[in-house]
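Summary of the model geometry
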Amino acid sequence: MAVGSRAVAWLAGAARRIGSVPWRNISAEAVDRTLLVVKAACFAHVINSYVVSLALVRGPSMLPTMNLTGDIIAVDRVTARWGTVAVGDVVLLRSPENPRKTVTKRVLGLEGDAVTYIVDPHKGDASKTLVVPKGYVWVQGDNIYDSRDSRQFGPVPYGLIQGRAFYRVWPPEGFGFIGQKVTSL
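Residues numbered from 1 in each chain as written. Predicted model: local features only at pLDDT ≥ 70, side-chain atom pairs only at ≥ 80, totals over all residues. Heavy atoms only, no water.

- As recorded in an unreviewed UniProt entry, the protein chain goes by the name Mitochondrial inner membrane protease subunit 1-like, listed as coming from Phoenix dactylifera.
- According to the UniProt record, the Function (unreviewed entry) comment for the protein chain is "Catalyzes the removal of transit peptides required for the targeting of proteins from the mitochondrial matrix, across the inner membrane, into the inter-membrane space."
- The heading Subunit (unreviewed entry) in the UniProt record of the protein chain holds the text "Heterodimer of 2 subunits, IMP1A/B and IMP12." (UniProt positions renumbered as here; feature names shortened; annotations may be inferred.)

Below, the structure is given as structure tokens:
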């Protein structure tokens with residue numbers, strides 16, 4: 001048998017084998033699996049954006065509640081949407097100073113509340129009192145000596161609140177619920 005006739009025979013056999021593959025079944029299954037992955041991704045997006053998500057929180061402003069090197073926390077996004085944030089809640093909010101940044105602070109006053117705060121704790125204990133306007137909240141970091149908060153940028157519009165931190169996932173030694181705490185001023 002010549003080399004050319006063997007090649008033709010091989011090609012004919014390959015064509016028969018390829019022709020016997022159930023391409024319709026394979027393509028239907030591929031489409032089904034792709035749709036399943038797309039549905040799962042959409043479901044995960046909705047849960048992450050509107051129900052609960054994880055966030056990395058780091059920095060000195062929430063010491064000792066949050067670690068300086070970073071905590072991973074679970075964020076309840078429903079509370080902020082329903083308007084049920086309470087005084088003492090730790091919230092994630094879009095920074096009024098830099099909209100690209102998300103900050104974590106504790107709510108110390110809701111609309112209509114009179115809030116007394118220390119103006120500059122580095123220079124003494126001079127305090128001021130103000131009433132939080134309608135549609136705003138007063139937020140402060142737990143570490144008043146190293147926090148940029150409502151003392152610098154004033155009351156924060158309620159619409160900037162993205163969610164309420166309710167559970168510390170990481171590090172393991174801090175694993176558990178993040179409780180409400182109202183700091184005395």
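More follows now that the structure is in view.
**Thoughts on the UniProt feature "active site" (unreviewed entry) in the protein chain**
- The feature "active site" (unreviewed entry), as annotated in UniProt, sits at Ser61 and Lys105 in this numbering. The greatest C-alpha distance among the annotated residues, which extend across 45 residues, is 7.8 Å, indicating that they converge on a single site.
- Ignoring any residue separated from it by four or fewer positions in sequence, one finds Ser61 in contact with Thr104, Lys105, Gly141, Asp142, Asn143, Asp146 and Ser147.
- Here Lys105 is to be found in strand E4 (residues 102-109).
- Excluding its chain neighbours within four sequence positions, the residues that come into contact with Lys105 are Ser61, Met62, Asp89, Val90, Val91, Leu93, Val139, Gln140, Gly141, Ser147, Arg148 and Asp149. (Contact = heavy atoms within 4.5 Å. Helix = DSSP H or I, 4+ residues; strand = E, 2+ residues; numbered from the N terminus.)

**A short note on the packing of aromatic side chains**
- In total, this model carries four aromatic pairs according to the counting rule given.
- For the ring pair Phe166 and Tyr167, a centre distance of 6.5 Å and an interplane angle of 50° mean the geometry is tilted.
- Given the relative accessible area of 22%, Phe166 is considered partly exposed.
- Between Tyr167 and Phe177, the ring centres sit 4.7 Å apart and the planes meet at 90°, which makes this aromatic pair edge-to-face. (Phe/Tyr/Trp six-rings, centres within 6.5 Å; stacked < 30°, edge-to-face > 60°. Buried < 20%, exposed > 50% of the residue type's maximum accessible area, 1.4 Å probe, protein only.)

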